[in-house]
Amino acid sequence: MSDPLLEVNELSISFTHYTKGLRQTRQQVISNLSLAIHSGEIVAVVGASGSGKSLLAHAILGILPENATMSGTITYDGTLLTARRQLDLRGRDIALVPQSVNFLDPLMRVGAQVRSAVKTGEPAREQQKVFARYRLGDKVAKLFPFQLSGGMARRTLVSTAVVSGARLIIADEPTPGLDPEALRQALGYFKELAASGAAVMLITHDIGSALTIADRIAVFYAGTTVEITPAADFAEDGRRLRHPYTQALWRALPQNEFIPTGGSQPAPGVSGAGCPFAPRCELAIAACREEQPMLRSLRDGWVRCDHVS
Ligand SMILES: Nc1ncnc2c1ncn2[C@@H]1O[C@H](COP(=O)(O)OP(=O)(O)OP(=O)(O)O)[C@@H](O)[C@H]1O
Ligand code: NI
């Protein structure tokens, strides 16, 4: 396979909090997270709320909050992604398709917003082309964001990503609350973007939808990658999946047995040194509570567990 377009290596993020008497505490919310995405590929990042999905996106875009400290490396197109390069690439090479229409400028007509993102070609012409492609009528260009329906807003956001010529598209929960037809359509847009050569990172709670378009799935738990797997391994009884948490996720889907796993994801910073899933894991032994396992390659994927084969 070719070199990845984006490579996140051993990313850790912590937040500094000031408590009474100016005491500083550090809370680690992401630990040793690794992930790579190739051009033309859709990688879905799935995990429960608070597992670190959005923070990963923000780290790549260079928009982490002030009180965040980051370690590890992010490489884009073979070169280290420094703060300076992030500023350069953001909105051009690297585009965010946000969940909310609030990311559009409320005071600017949407046609003008899309025209201002055009990278190559004549802006008015490119905007008209992309609006036609996403079934946004001629009149839409003259509307302000608050006048758009949810579906129009989403198509406008996708249009912006398309005309920007972005090679890496990061979509953070782009599909909540959609009816099945709108959902199918929205997922189709990402499929098209990948087919045209972009690398797509699709962040979502909805593993069922992710499986319909993703090539690979990265499973997050308590701020780290516990498994990276070809989407095709989510099949049958889930025996090809590597991590006990991923298998539990698969079993909990409606089309399977719907078996929930007891317990819940540890709160950030309290999972201690060991494997964060150990308290809920049937395979856990004493050693699992002492040291976080490394992400290791297993079959054609990756797993952070020493007890599976
Ligand atoms: N500015 C911040 N200061 C302190 N902690 C933060 C900050 N931003 C995020 N966190 C913590 O980092 C953890 C990961 O947050 P993140 O938003 O990445 O989760 P997520 O996986 O995107 O969740 P969701 O599915 O709900 O969007 C959470 O526990 C959150 O409370
Ligand atoms: Ni999020």
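Residues numbered from 1 in each chain as written. Chains lettered and ligands numbered in written order. Predicted model: local features only at pLDDT ≥ 70, side-chain atom pairs only at ≥ 80, totals over all residues. Heavy atoms only, no water.

Looking at an unreviewed UniProt entry, one finds the chain named Nickel import system ATP-binding protein NikD and attributed to Ammoniphilus oxalaticus. The record held by UniProt for the chain lists under Sequence similarities (unreviewed entry) the comment "Belongs to the ABC transporter superfamily." Under the heading Subunit (unreviewed entry), UniProt records this for the chain: "The complex is composed of two ATP-binding proteins (NikD and NikE), two transmembrane proteins (NikB and NikC) and a solute-binding protein (NikA)." (UniProt positions renumbered as here; feature names shortened; annotations may be inferred.)

**Q** Would you take a moment to explain empty space enclosed by the protein for this structure?
**A** Rolled over the atoms, a probe sized like a water molecule indicates the empty space that remains. With the rule as written, the count across this model stands at 2 cavities of 30 Å³ or more. Every residue lining the largest cavity is listed: His 243, Pro 244, Cys 275, Phe 277, Ala 278, Cys 281, Ala 284, Cys 288, Pro 293, Cys 305 and His 307. Of the residues that constitute the lining of the largest cavity, the class distribution is 9 nonpolar, 2 polar and no charged. Surrounding the second largest cavity, Asp 233, Ala 235, Glu 236, Asp 237, Gly 238, Arg 239 and Arg 240 form its lining. Its residues assigned to classes, the lining of the second largest cavity shows 1 nonpolar, 1 polar and 5 charged. (1 Å grid on protein atoms, 1.4 Å probe; cavity = no way out; pocket = protein on both sides within 12 Å on 5 of 7 lines; lining within 4 Å. Points joined across faces, edges and corners; volume = space filled by probe spheres on them. Nonpolar A, V, L, I, M, F, W, Y, C, P; charged D, E, K, R; others polar.)

**Q** Please explain the sheet that holds strand S1 (residues 6-19) as it appears in this structure.
**A** Within a sheet, neighbouring strands are paired by backbone hydrogen bonds and run either parallel or antiparallel to one another. The antiparallel open sheet is built from 4 strands, whose spatial order is S2-S1-S4-S5. Each having just a single partner strand, strand S2 (23-37) and strand S5 (79-80) make up the two edges of the open sheet. For S1 and strand S4 (residues 68-76), the ladder comprises 8 bridges, and the chain directions are antiparallel. Bridged to Ile 13 within S4 is Met 70. Lying over the sheet, helix H1 (residues 53-61) contacts S1, S2 and S4, oriented at roughly 105° with respect to S1. (Pairing = 2+ DSSP bridges. Helix = DSSP H or I, 4+ residues; strand = E, 2+ residues; numbered from the N terminus. Contact = heavy atoms within 4.5 Å. Axes fitted to C-alpha atoms, helices over the stretch in contact; angles between N-to-C directions.)

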